[in-house]
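Each chain, written out:
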Amino acid sequence: MASSKISIVIVSGERERLQMAAMVASVGAVSGSEVTVFLSMNALEHFVKGAKAQAKAEGAFGTLLETKKAPPFKDLFRQAAELGDAKVYPCSMACDVLGVEHKDLEPYLQEPLGLTRFLADAEGAQVYTF
Amino acid sequence: MAQKHIVDARGSFCPGPLMELIAQLKSAAVGDEFEVLSTDKGSVNDIPEWVNKVGHAYVGTTEADGVWHVTIRKMK
C-alpha cells in the first residue's frame, strides 16, 4: 500500500520543530507513505520515558502552541506508529551519549538504529530534516 | 446495518481532527458513516483530501455556528 517513502531526521529539541515533524510523520503515515523517523541529538531526550511532556519553545509560535489545543507531538508520533505503521528509531549514537537503552524509551520506538542502516533505508525517500 | 458515528474534534487543531477520525475508523464496519465536528478550517479541507487519497467516500460538509460537520463513509 505504500506509495512513497518519507524519511524524517529530527535533531532539534524545540517544540515547533518537533510539532511540525510529528505532523508530517502522522499525516504521511496515515496517507499510505512508508514513514521512517530518526531521532538524534536534542530530540531524543523528549522520548525517554517520564521526560517532561513539553519541549522548549523556539519562538512566539511555540508559546502560542502551548495555549491552544494542538495535539501534543508525542501523541502524533505514537499515532503515526500505531495507526500508520511509521517506524520511529532512536539514533544509536544519541542513545550511547545520553546513556539510555531501548527499554528506557517510549514503547512505540523501535530498537536503536545506526546511521549506516538509516541512510541505506532512506535511499529513494523524500528526506525531511527538523 | 450501517451506523453513524460522531467524532467530536471541536477545539482541536490540525492534524487532530483527522487523527481522531482515523483512530475511530479502524474499528468500524465498512459502510459506516462518520460525522467529524471541527472548528479547525484546515482540517475541513484536509479530511476530504485524505478520504479521496486512501479510498473512502466523502459525503459532504455543512457549517453551523462556526462548527463544520464533515461526513465520510468507510469503504474498505
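Attention in this report is confined to the structure presented alongside it. (Residues numbered from 1 in each chain as written. Chains lettered and ligands numbered in written order. Predicted model: local features only at pLDDT ≥ 70, side-chain atom pairs only at ≥ 80, totals over all residues. Heavy atoms only, no water.)

What to know about the overall build of chain A
How we decide: Secondary structure counts use DSSP, requiring at least four H or I residues in a row for a helix and at least two E residues in a row for a strand, with both numbered from the N terminus. For the radius of gyration, the atoms used are the C-alpha atoms, and the globule rule reads 2.2 Å times the number of residues raised to 0.38. Between buried and exposed lies partly exposed: a residue is buried under 20% and exposed over 50% of the maximum accessible area for its type, with that area taken using a 1.4 Å probe on protein chains only.
Counting secondary structure elements, chain A contains five helices and four strands. A compact globule built from 130 residues should have a C-alpha radius of gyration of about 14 Å, and chain A, at 14 Å, falls within 12% of that. Based on the C-alpha atoms only, the size of chain A along its principal axes is roughly 40 × 35 × 25 Å. For chain A, with 130 residues in total, the buried portion stands at 49%.

Here we look at the packing of helix α1 (residues 15-30) of chain A against helix α2 (residues 60-67) of chain A
Residues and elements named next belong to chain A. Cut-off, in case you're wondering: Convention adopted: a line fitted to C-alpha atoms gives each axis, helices being fitted over their contacting stretch, and angles between N-to-C directions are expressed from 0 to 180 degrees. Any angle that is under 35 degrees is reported as roughly parallel, and any over 145 degrees as roughly antiparallel; angles of 65 to 115 degrees are reported as roughly perpendicular and all others as oblique. Throughout, a residue-residue contact means that at least one pair of heavy atoms, one from each residue, lies within 4.5 Å. All residues other than Ala, Val, Leu, Ile, Met, Phe, Trp, Tyr, Cys, Pro, Asp, Glu, Lys and Arg, Gly among them, are scored as polar; the first ten of these are nonpolar and the last four charged.
Axis separation between α1 and α2 bottoms out at 8 Å; the angle between their running directions is 65°. Considering their axes alone, α1 and α2 lie roughly perpendicular with respect to each other. Residue-level inspection shows Arg-15, Glu-16 and Gln-19 of α1 in contact with α2, the latter providing Phe-61, Gly-62, Thr-63, Leu-65 and Glu-66. Among the residues forming the contact of α1 with α2, the class breakdown is two nonpolar, three polar and three charged.

Notes on the interface of chain B and chain A
Definition in use: Here the quantity called buried area is the accessible surface, traced with a 1.4 Å probe, that two parts lose on coming together, added over both. What counts as a salt bridge is simple: a side-chain nitrogen of Lys or Arg found within 4 Å of a carboxyl oxygen of Asp or Glu. What qualifies as a polar contact is a pair of N or O atoms within 3.5 Å, subject to a donor-acceptor requirement within protein and to the restriction that residues adjacent in sequence count only when both atoms come from side chains.
Listed as interface residues are 15 residues of chain B and, on the opposing side, twelve residues of chain A. For the chain B and chain A pair, buried surface summed over both sides reaches about 1200 Å², with 70% attributable to carbon and sulfur atoms. Taken as a group, Phe-13, Pro-15 and Met-19 of chain B account for 40% of the area that chain B buries against chain A, more than any other trio of residues on that side. Remark: the boundary between chain B and chain A carries zero salt bridges. Taken together, the links from chain B to chain A amount to four residue pairs in polar contact (both at pLDDT 80 or more). Within the residue set of the side of chain B that touches chain A, elements represented by two or more residues are α1 (16-25) and α2 (41-54) of chain B. No other element matches the five residues that α1 of chain B contributes to the side of chain B that touches chain A.

Quick notes on the sheet that holds strand β3 (residues 57-64) of chain B
All names here are of chain B. Applicable threshold: Here a strand pair is declared whenever DSSP counts at least two bridges between the two strands.
Ordered in space as β1-β2-β4-β3, the four strands form an open sheet in which the pairing is mixed. Strands at the two margins of the open sheet, each flanked by one partner only, are β1 (4-8) and β3. Adjacent strand axes in the sheet meet at a mean angle of 20°, parallel and antiparallel pairs treated alike. As paired elements, β3 and strand β4 (residues 67-73) share seven bridges and run antiparallel to each other. Across the sheet, Ala-64 pairs through a bridge with Val-67, a residue of β4. Where α2 meets the sheet, it contacts β2 (33-38), β3 and β4, and its direction lies at approximately 5° from that of β4.

Some details on the nonpolar core
Residue and element names in this part refer to chain A. What counts, and what does not: For the purposes of this section, nonpolar cores are sets of buried Ala, Val, Leu, Ile, Met, Phe, Trp, Tyr and Cys residues that join through side-chain atoms within 4.5 Å.
Counting 58 residues, the largest nonpolar core has Ile-8, Ile-10, Val-37 and Phe-77 as the members making the most contacts within it. When residues of this core are assigned to their parent elements, the largest contribution, seven residues, is made by α1. Here Ile-8 is in contact with Ala-21, Val-24, Ala-25, Val-35, Thr-36, Val-37, Phe-38, Tyr-128 and Phe-130, once residues within four sequence places are set aside.

Section: α2 of chain B
Since one α-helical turn is 3.6 residues long, residues separated by three or four positions face the same way. Heads up, the rule is: Helices are assigned an expected span. That span is 1.5 Å times one less than the residue count. Relevant arc is that of directions from the helix axis to the C-beta atoms, nothing else.
If you check α2 of chain B, its first and last C-alpha atoms are 21 Å apart, about what 14 residues at 1.5 Å a residue would give, namely 20 Å. By the burial criterion, the buried members of α2 of chain B are Ser-43, Val-44, Ile-47, Pro-48, Trp-50, Val-51 and Val-54 of chain B. For α2 of chain B, the arc enclosing every buried residue in end-on projection is 160°, short of the 170-degree limit, so these residues lie on one face. Exposed positions of α2 of chain B whose direction lies more than 90 degrees from the buried face are Glu-49, Asn-52 and Lys-53 of chain B. Lining the buried residues of α2 of chain B we find α1 of chain A together with α1, β2, β3 and β4 of chain B. Immediately downstream of α2 of chain B, the backbone of Gly-55 of chain B shows phi near 100°, a positive value.

Looking at the side chain of Arg-15 of chain A
Residues and elements named next belong to chain A. You can see Arg-15 is positioned in helix α1. For Arg-15, a relative accessible area of 6% corresponds to the buried category. What Arg-15 contacts, discounting residues up to four positions off in sequence, is Gln-54, Ala-55, Lys-56, Ala-57, Gly-62, Thr-63, Leu-65 and Glu-66.

Comments concerning the pattern of salt bridges
Where charged atoms from two side chains of opposite charge come close, those side chains can pair. Summed over all chains, the structure comprises twelve salt bridges over all chains. Arg-78 of chain A is the partner of Asp-75 of chain A in a salt bridge, and the nearest nitrogen-oxygen pair spans 3.8 Å. Linking Asp-75 of chain A with Arg-78 of chain A, this pair stays in helix α3 (residues 73-84), spanning three residues, or about one helical turn. When the shortest N-O distance is used, the salt bridge between Asp-104 of chain A and Lys-103 of chain A registers 3.4 Å. Judged by its relative accessible area of 55%, Lys-103 of chain A is exposed. Via salt bridges that share partners, Lys-4, Glu-33, Glu-35 and Arg-73 of chain B belong to a single interconnected network.

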